[in-house]
Structure formats: structure tokens, C-alpha cells
Amino acid sequence: MEHKEYRIPFSGLKQGKHTFEFQIDNTFFESFEYKEFNAADVKVNVTMNKSSTMLELTFDAGGTVNVNCDLTSEPFDLPISATMDLVVKFGEEFNDDNEEILIIPHGEHQVNVAQYIYEMLVLAVPLKRVHPGVADGTLKSEALDTLNALRPAASKDDTVENDPRWDALKKLITDK
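In this report, we go over the structure that sits alongside the text. (Residues numbered from 1 in each chain as written. Predicted model: local features only at pLDDT ≥ 70, side-chain atom pairs only at ≥ 80, totals over all residues. Heavy atoms only, no water.)

What follows deals with unusual backbone geometry. Backbone geometry at Glu33 places phi at a positive 60°, although glycine is not the residue there. Turning to its location among the elements, Glu33 is positioned in the loop between helix H1 (26–31) and strand E3 (39–50). The class of Glu33 is exposed, set by a relative accessible area of 67%. (Helix = DSSP H or I, 4+ residues; strand = E, 2+ residues; numbered from the N terminus. Buried < 20%, exposed > 50% of the residue type's maximum accessible area, 1.4 Å probe, protein only.)

Attention now goes to the packing of aromatic side chains. For the structure shown, the criterion picks out 11 aromatic pairs. Taken together, a centroid distance of 5.3 Å and an interplanar angle of 65° make the contact between Phe28 and Phe32 edge-to-face. Accessibility expressed as a relative area gives 3% for Phe28, which makes it buried. (Phe/Tyr/Trp six-rings, centres within 6.5 Å; stacked < 30°, edge-to-face > 60°.)

With that settled, consider the sheet that holds strand E2 (residues 16–25). Spatial ordering of the open sheet is given by E2-E3-E4-E5-E6, a layout of 5 strands whose pairing is mixed. Each of the sheet's edge strands pairs with one partner strand only, and the pair in question is E2 and strand E6 (101–105). Strand-to-strand twist across the sheet, computed as the mean angle between neighbouring axes with direction ignored, equals 25°. Contacts from helix H2 (residues 114–124) reach E2, E3, strand E4 (54–68), strand E5 (75–91) and E6 within the one sheet, and its direction differs from that of E5 by about 140°. (Pairing = 2+ DSSP bridges. Axes fitted to C-alpha atoms, helices over the stretch in contact; angles between N-to-C directions. Contact = heavy atoms within 4.5 Å.)

For the rest of this paragraph, the subject is the pattern of salt bridges. Under the defined criterion, the tally for this structure stands at 2 salt bridges. The shortest N-O distance in the salt bridge between Glu21 and Lys43 comes to 3.6 Å. Here the residue Glu21 occupies a position in strand E2, and Lys43 occupies one in strand E3, the gap between them amounting to 22 residues. Taking the relative accessible area as the measure of exposure, Glu21 reaches 53% and is therefore exposed. (Salt bridge = Lys/Arg side-chain N within 4 Å of Asp/Glu carboxyl O.)

In E3, alternate side chains face the same way, and those of Ala40, Val42, Val44, Val46, Met48 and Lys50 are buried while those of Ala39, Asp41, Lys43, Asn45, Thr47 and Asn49 on the opposite face are not. Pairing of E2 with E3, which is carried by 10 bridges, proceeds in the antiparallel orientation. Residue pairing in the sheet places Glu21 in a bridge with Asn45 of E3. Judged from the 12 bridges that link them, E3 and E4 form a sheet pairing that is antiparallel.

Here Asn66 is to be found in strand E4. A polar contact is formed between the side chain of Asn66 and the side chain of Asp77, at a distance of 2.9 Å. Aside from chain neighbours lying at most four places away, what touches Asn66 is Phe37, Asn38, Ala39, Pro75, Phe76 and Asp77. (Polar contact = N/O pair within 3.5 Å; in protein donor to acceptor, adjacent residues only side chain to side chain.)

Written out as C-alpha cells, the structure reads:
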């Protein structure tokens, strides 16, 4: 998919700073065949500083993505934020080997930022996604109730009695 709505035309713009805003939802990620998010609501602001020889792009993103908890499989809204800088230079042919510098041919009049937005947002999500209710104990889910029911009960045999010989040795260490 070409993602035409994520093209930034720079040929008619004056030198200086220009701002572009993109609203990202789940259809954006589905177009990249990325199915880790249940839903997405992210706002991306791109500030472009145009000079005669290059373009400097600064991406700022903030919003939420709905993901499943890795522990309980409960869906929850995970807040994400990310920033990224990209320098666009002009050269003989297209080259995106460097992740911070994009080289586009001299005749181009626009740059497509969809791939950079996608990578920035996917990398902003932590590897381990844990529902905030798991950490503070407020989450009520069927999975947690089942785990708590299957937890082994503490028995009287689990108590450890101290050996008086070890106590005597420990006393020698502390008497120094």
C-alpha cells in the first residue's frame, strides 16, 4: 500500500519550519499487516525544517494503543509516546540504508513518512505488556481468579526450624 495521505509535499514550501499532523488508527497498522494492536489512537506531529540543501524532520507521537496483557490476556489501553529525528538529503538515487538519513533523488517533490511513523510507534510499545491492574492488584479477571484458586496453600510442614548448632556458629561470627 502506498499510504498517499502520509506524503509531505515540500517543493512549494518556503524555507523554514512547517508542521504536519497525522491521526493514526488501527487501519494504519493493518495496512502494514501488523495485528498486535486491538485498537489505536495516536496523534503524530511532524515538524519539518526546510533548508536549501536538506529537510530536517522531527516526529512527536502520543496516544494510546489497545493491547492484550501478556499475563492475563485482558485488553487494556497502553499509553505510548515517541520522538524521532530524520534528515532528508538529495542525491543521485533513493537510499534509506541509514535509519537517520534518507536520500531521495533530486527531482522528488515529496517524501512519504508512513514507514517511519510505523517503525517509531511499533518500537514505542514495550516488549512486556502488563495490565496496570495486575501490578496494583485491582484487576478482576477470570484468569487471575483461576490462578489464585490453584495456588497451593501453605502447610504447617513448610515452616523451617533453626538448628541450634547453626545458631551457635552464627553467634561466633557476630561476637567479633
